[in-house]
Each structure stands twice: as structure tokens, then as C-alpha cells.
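Below are the chains, spelled out letter by letter.
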Amino acid sequence: MLLDRVEGNVVATRKHPSLLGWRLLICQPINQTGEPEGVPQVAIDAQGAGLHQRVVISSDGSAARNMVGDEKSPIRWMVIGLVDEL
Amino acid sequence: MLLDRVEGNVVATRKHPSLLGWRLLICQPINQTGEPEGVPQVAIDAQGAGLHQRVVISSDGSAARNMVGDEKSPIRWMVIGLVDEL
Amino acid sequence: MLLDRVEGNVVATRKHPSLLGWRLLICQPINQTGEPEGVPQVAIDAQGAGLHQRVVISSDGSAARNMVGDEKSPIRWMVIGLVDEL
Amino acid sequence: MLLDRVEGNVVATRKHPSLLGWRLLICQPINQTGEPEGVPQVAIDAQGAGLHQRVVISSDGSAARNMVGDEKSPIRWMVIGLVDEL
Amino acid sequence: MLLDRVEGNVVATRKHPSLLGWRLLICQPINQTGEPEGVPQVAIDAQGAGLHQRVVISSDGSAARNMVGDEKSPIRWMVIGLVDEL
């Protein structure tokens, strides 16, 4: 799991059907002091994260397939928690 | 999943049989402002991405095997969405 | 598995239900001389690691799902050992 | 999957039995213009890649176990295509 | 799989039970000329690697669980070969 800050979201009309109805957030990994570290990830969000919100994201195929209810989904990263404080 | 820009494609005559008939795109991870970040990936494409198109790619073995219809395929990365806007 | 130093912890009220009751540690990968290397990870901890403790963390979906007792959990990283010496 | 250039090979007498009879190539990830990017990987090769050949490599546990015919093999990365042109 | 040099080992009294009896090596990824590249990994060793030995390591959950004989083990990285020459 990574500590990230939400930097924006992706609008994609043409996409894998299992992505329909899910927000796709651009999540920038950060360290404890909020500095960016490494490559941004794209994650689905079921927690309701806002712009610039700090979040915890995780990458797990089976959990993601469960979340979207599609056993053939290629989704991996998802927001699993909204950070109140560090 | 990563936000990438399509930088080109790979022509490979000799390859694993499950790759036959699939375009292999060179995808450069980018951040929200379009700057390159990290190592390029090679992904198959079922969405019809063009050169310099921004895409979302994902790496999932079971979804890729489903996509190409070969339970022994080593394919992992695929284009799962074409980005309209950020 | 990575050698990390615990840098803090994450407080998240809104989160995936399988995270309830687990401490979420911010773990900074380090090299043998203690210098930071690469992106911090967030890990659950069943070993009782303290702040600045050096730990070994691992990322495995099936082991994490076993640990938290939830077959649909997206948790991946966990503390698997407390380092006495290097 | 990554775009790589073959930089050499590894000779290992003492190794996991599932590696017996397989060439182990040192593969350097490159970008589209051939510059090195990131950490080299070690991959098995069933395609017959030569030194300095550009290749596509992939990391998939189940495909690798199928390839070497050993359900307990720890092999992950393999050459899946020889690049003719970019 | 990565080409690494053994840089030391980790002593951990408190740890996941599946780690009992296994040496935990700190393995630094290197390139073909021996220069360090990227983040060190911690790996179990069944091959008998010595300090400063060059090794090939791999990360595979099912192979690691087989190796240690514990279906719930979180172990991923292991030494799979001792390098004689490059």
C-alpha cells in the first residue's frame, strides 16, 4: 500500500467495461512530509476522496475484481482509506 | 494502473504465440502535466490507441489471459482506457 | 521483502472494513547503513513495531487476507519481522 | 512487460532445479531511443535472443511455471518476443 | 528475477513463524558491472550464499510458500541461484 495525494482524475469514454461508473483518480505517492516520491498511479475510489486529499491505495487483483463485481476486470489499484492525520 | 502516453510500437516476428494479432505499444508513464516518470512498459491494446494518445494501462495476469483467450499466456500489461481529459 | 524503518502511522477513519483494528505504519525502505531508498510503503503490523524501529515488510495478497481473516481484503503489505541487528 | 536489451548472461552451477537447462539473460530495460532505464532483470529465454538483441520480457508466475513444466518453480521473468523494429 | 550482491543479513527474534530457521539476506540489486541499482531486497536463502556473493533472487508467493512448507507464509523473495560468472 502507498500513501498518496489525489492530484486529479481521468476522464475516459472508451474503456474496459468494468471501469464504467468508477472514478479514476490520479494518485501521487508522497512521503510523510508530503513530498512526491515516484510514479503516479491511477486508482478507482469507493471512499469518496476529494482533490488534494491524502489517501492510502492498494494494488490487489482479487480484491479489485470483488469490488467491481467482474471476475475478468483488469483493475488493480484502489483507494482503501482516507487519511485524517499522519 | 498507470497514466501513460503511447510512444510507439514494437514489431516482433518471433514471439510467444499468445501475442499473435495483438499490437504491442510502448507506453511511457507520465504525470498529470505530461512529463515522463519512470520506466516505459510494453502493453497490448484492445482499445485502439493512437500514437501520442494518453492511456490508462493495467497489469493483471488473469485479466490478460482472459483477454487473449490463452490460459498459458505471459501477457500482463494492457491498455484499459483512452484518456479524453485530465 | 524490504528492510524498512517505521516513520510514523496513518490515522484513517473512513477505510475498507478489513483495515479496522489494524495499525497502519508508514515504512521507509532503507539500505544496510540506514539511508532511505525509494518510495515509502504503508503496512499493517501484527509484530508490535515502535517508531523508528527497523522492520522487514512483505507484500503478499493471500498471506494478508489470511492475517486479517477477510477473503476480500485489499491489504498487501505487512510487517513480518522486527530487526534486532544487521 | 518491458522493452529490454540483452546485456549478457549468468552462469550459475548451484541453483533451483527448475532453472536447469535454461539460459539466464541479463536484460536492461531501455526506452524507445535505446537508453537504459531502471534496474536490470534476469530472464529465462525460449526465443533464442542474442547478445545486444532488443527483446520484450514479461513477469508472470503461472506462465513461467507452465513454460518450465514445474509447478513449484520460482521463475517469473521470461523473454516473450524478439524485437525486429520499433 | 534480479541480479544481486549479498550485503549482509538480518537478525530478527520476533517474526512471522514461517521465517523460523531461514537466513534473511540483504540483497542489493546490481548491474552487469557490479554497480548498485535500486532498492535492496530481503530474501530467504536455501542455496548457501556467502557475504558479497552475487546471486539471482526471485519473488514468487506460491514458490516461497512451497519452499517453507507453510501455506500462509508472507515470504516472497528467495535466492534461486549462486552466480559463478557473468
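Values in this document were obtained by computation on a predicted structure and should not be read as measured data.

A. Expanded view of the overall build of chain A. What chain A contains, in helices and strands, is one helix and five strands. Along the chain direction, N to C, the helices and strands of chain A fall in the order β-β-β-β-α-β. Taken along its principal axes, the extent of the C-alpha atoms in chain A is 40 × 25 × 20 Å. Pairs at least 24 apart in sequence give 55% of the contacts found in chain A among residues at least 6 apart. Charge separation in chain A, taken as the distance between the mean sites of 8 positive and 10 negative side-chain charges, equals 11 Å.

B. View of the relation of the copies chain D and chain E. When chain D is fitted onto chain E, the two copies agree to an RMSD of 0.0 Å after a turn of 72 degrees and an axial shift of 0.0 Å. Here the symmetry operator amounts to a five-fold rotation axis. For chain D, the minimum C-alpha distance to the rotation axis belongs to Gly38 of chain D and amounts to 6.5 Å. Comparing interface residues between copies, only 7% of those in chain D also lie at the interface in chain E; the contact surfaces differ.

C. Spotlight on the interface of chain D and chain E. Tallying the contact residues gives 29 residues for chain D and 27 residues for chain E. The contact between chain D and chain E buries some 2,100 Å² in all, and 56% of this surface belongs to carbon and sulfur atoms. Of all residues in chain D, the largest losses of buried area upon contact with chain E belong to Arg14, Pro74 and Arg76 of chain D, amounting jointly to 25% of the total for that side. Viewed at the interface, chain E and chain D are joined by two salt bridges.

D. The relation of the copies chain A and chain C, seen in detail. With an RMSD of 0.0 Å, the operation that places chain A on chain C is a rotation of 72 degrees combined with a shift of 0.0 Å along the axis. Little of the interface of chain A is mirrored in chain C: 7% of its interface residues are interface residues there too.

E. Fine view of the side chain of Gln28 of chain C. Residue and element names in this part refer to chain C. Tracing the sequence through the fold places Gln28 in strand S2 (residues 24-29). Separated by 3.0 Å, the side chain of Gln28 and the backbone oxygen of Gly38 make a polar contact. Excluding residues that lie within four positions of it along the chain, Gln28 makes contacts with Leu3, Asp4, Arg5, Glu7, Pro36, Glu37, Gly38 and Pro40.

F. Spatial organisation of the nonpolar core. Among the nonpolar cores identified, the biggest contains 145 residues, and Met1 of chain A, Met1 of chain B, Met1 of chain C, Met1 of chain D together with Met1 of chain E are the most heavily contacted of them. Here Met1 of chain B is in contact with Leu24, Gln41, Val42, Ala43, Ile44, Ile75, Arg76 and Trp77 of chain A together with Val56, Ile57, Ser58 and Ile80 of chain B, once residues within four sequence places are set aside.

G. Representation of the sheet that holds strand S5 (residues 77-82) of chain A. All names here are of chain A. Strand order in the closed barrel formed by five strands is S1-S2-S3-S5-S4, and the pairing between neighbours is mixed. Taking each pair of neighbouring strands and ignoring which way they run, the sheet shows an average axis angle of 55 degrees. Pairing of strand S2 (residues 24-29) with strand S3 (residues 41-45), which is carried by four bridges, proceeds in the antiparallel orientation. For Leu24, the partnering residue across the bridge sits in S3 and is Ile44.

H. The arrangement of the confidence of the model for chain A in detail. Taken over all residues, the pLDDT of chain A has a mean of 96, while the share at 70 or more is 100%. At the level of chain-chain contacts, confidence expressed as ipTM amounts to 0.94, with global pTM at 0.95.

I. Focus on the environment of Ser18 of chain B. Residues and elements named next belong to chain B. Its location among the elements puts Ser18 in the loop between strand S1 (2-10) and strand S2 (24-29). When its relative accessible area of 6% is taken as the criterion, Ser18 is described as buried. Through-space distance from the C-alpha of Ser18 to that of Leu82 is 23 Å; in sequence the pair is 64 residues apart. Among the polar contacts listed, one links the side chain of Ser18 to the side chain of His16, at a separation of 2.7 Å. Looking at Ser18, its side chain comes within polar contact range of the side chain of Ser73, at 2.8 Å.

J. Structural context of the interface of chain A and chain C. Between chain A and chain C, the residue contacts involve 27 residues of the former and 29 residues of the latter. Summed over both sides, the interface between chain A and chain C buries roughly 2,100 Å², with carbon and sulfur atoms accounting for 56% of that surface. Among the residues chain A hides against chain C, the three largest losses belong to Met1, Gln32 and Ile80 of chain A. Together they make up 28% of the total. Breaking the side of chain A that touches chain C down by element, the ones donating at least two residues are strand S1 (2-10), strand S4 (54-59), helix H1 (61-68) and S5 of chain A. Ranked by residue count, the leading element in the side of chain A that touches chain C is S5 of chain A, at four residues. Of the residues that constitute the side of chain A that touches chain C, the class distribution is 13 nonpolar, nine polar and five charged.

K. How the structure looks around the pattern of salt bridges. Under the counting rule described, the total for this entry stands at 20 salt bridges over all chains. Arg76 of chain A is the salt-bridge partner of Asp60 of chain B, the closest N and O atoms lying 3.3 Å from each other. Of this pair, Asp60 of chain B sits in the loop between strand S4 (54-59) and helix H1 (61-68) while Arg76 of chain A sits in the loop between H1 and S5, on two different chains. Here the two residues Asp60 of chain B and Arg76 of chain A agree in accessibility, since each one is buried. Here Arg5 of chain D ties to Glu7 of chain D by a salt bridge, and the two come within 3.4 Å at their closest N and O atoms. The class for Arg5 of chain D is partly exposed, based on a relative accessible area of 23%.

L. Structural detail: unusual backbone geometry. Residues and elements named next belong to chain A. You will see that His52, though not glycine, has its phi angle at about 70 degrees, which is positive. Position of His52 relative to the elements: it lies in the loop between S3 and S4. Residue class for His52 comes out exposed when judged on its relative accessible area of 52%.

M. Examining the arrangement of the chains more closely. Chain A makes no contact with chain E; the smallest distance between any of their C-alpha atoms is 12 Å. In this structure chain B stays clear of chain E, and the shortest span between their C-alpha atoms is 12 Å.

Calculation rules
Within any chain, residue numbers begin from 1 and follow the written order of that chain's sequence. To read the labels, note that chains go from A and ligands from 1, taken in the order they are written. Local features in this predicted model are restricted to residues whose pLDDT is 70 or higher, and side-chain atom pairs enter the listing and the counts only when it is 80 or higher, whereas totals over whole chains, interfaces and linings include all residues. Excluded from the side-chain calculations are hydrogens and water; all other atoms, namely the structure's heavy atoms, are used. Helix and strand labels come from DSSP, where a helix needs a run of H or I of at least four residues and a strand needs a run of E of at least two; each type is numbered from the N terminus. We call two residues in contact whenever any of their non-hydrogen atoms come within 4.5 Å of each other. All tallies of charge rest on Lys and Arg as positive and Asp and Glu as negative; His and the ends of each chain are not included. To locate a charge, take atom NZ for lysine, CZ for arginine, CG for aspartate or CD for glutamate. The fit set for superposing copies consists of C-alpha atoms from residues with pLDDT of at least 70 in both; the fit itself is least squares. As a working definition, buried area equals the accessible area (1.4 Å probe) given up by two parts on being put together, with both sides summed. When a carboxyl oxygen of Asp or Glu lies within 4 Å of a side-chain nitrogen of Lys or Arg, that pair is called a salt bridge. A 3.5 Å cut-off defines polar contacts: any pair of N or O atoms within that distance qualifies, except that in protein one atom must be a possible hydrogen donor and the other a possible acceptor, and neighbouring residues in sequence count only when both atoms are side-chain atoms. Put simply, buried Ala, Val, Leu, Ile, Met, Phe, Trp, Tyr and Cys residues joined by side-chain atoms within 4.5 Å make one nonpolar core. Under the scheme applied here, a residue whose accessible area is under 20% of the maximum for its type counts as buried, over 50% as exposed, and between as partly exposed, the area being computed with a 1.4 Å probe on protein chains only. When DSSP finds two or more bridges between a pair of strands, those strands are recorded as paired. For every element, the axis is a line fit to its C-alpha atoms; helices are fit only across the contacting stretch, and the angle between N-to-C directions ranges from 0 to 180 degrees. Per-residue confidence from the predictor is reported as pLDDT, a score between 0 and 100. Each residue gets one label: Ala, Val, Leu, Ile, Met, Phe, Trp, Tyr, Cys and Pro are nonpolar, Asp, Glu, Lys and Arg are charged, and the others, such as Gly, are polar.

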